[in-house]
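Reading the structure
Here is how the chains run, residue by residue.
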Amino acid sequence: MSKKYLIGLPVAMFALAPAVTAVAAPAQADVATYTCNAQTWAGEALPTLTVEAKRNKRQAQGVAQTTWGGVAKFSTIDCQINK
């Protein structure tokens, strides 16, 4: 392989780095905030959580379940989008 190509590769990577950063930055603006309530397996109410999810309500339920440490019964998790 020629030395010209080896020198040009790092230069090309540095030239593309700002373009990759500019494309990735707007994706954070699409994060929705959800307020979630649930019950434990024993039927006790858990404290209300506010979570962020990029995709949908189902993802917000998963984030809430993880935040509660797996104590919440998944079928009782109710997340509403905040406007």
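Residues numbered from 1 in each chain as written. Predicted model: local features only at pLDDT ≥ 70, side-chain atom pairs only at ≥ 80, totals over all residues. Heavy atoms only, no water.

1. Remarks on the nonpolar core
Membership of the largest hydrophobic core comes to 14 residues, with the highest contact counts inside it found for Tyr34, Cys36, Val51, Ala64, Trp68 and Ile77. Within the residue set of this core, elements represented by two or more residues are strand 1 (32-37), strand 2 (49-53) and helix 2 (57-67). In this structure Trp68 touches Cys36, Asn37, Ala38, Leu46, Pro47, Leu49 and Ile77, once residues within four positions along its chain are discounted. (Core = buried A, V, L, I, M, F, W, Y, C linked by side-chain atoms within 4.5 Å. Buried < 20%, exposed > 50% of the residue type's maximum accessible area, 1.4 Å probe, protein only. Helix = DSSP H or I, 4+ residues; strand = E, 2+ residues; numbered from the N terminus. Contact = heavy atoms within 4.5 Å.)

2. Some points on the environment of Val31
With respect to the helices, strands and loops of the structure, Val31 is situated in the loop between helix 1 (3-24) and strand 1. Linking Val31 and Val51, residues 20 residues apart in sequence, is a C-alpha distance of 10.0 Å. Setting aside chain neighbours within four positions, we find Val31 in contact with Glu52, Ala53 and Lys54.

3. Comments concerning the pattern of salt bridges
With the rule as written, the count across this model stands at one salt bridge. In this structure, Lys57 engages Asp78 in a salt bridge whose closest nitrogen and oxygen atoms are separated by 3.9 Å. Remark: Asp78 occurs in strand 3 (residues 78-81) and Lys57 occurs in helix 2; sequence separation between them is 21 residues. Here Lys57 falls in the partly exposed class, since its relative accessible area comes to 37%. Taking the relative accessible area as the measure of exposure, Asp78 reaches 34% and is therefore partly exposed. (Salt bridge = Lys/Arg side-chain N within 4 Å of Asp/Glu carboxyl O.)

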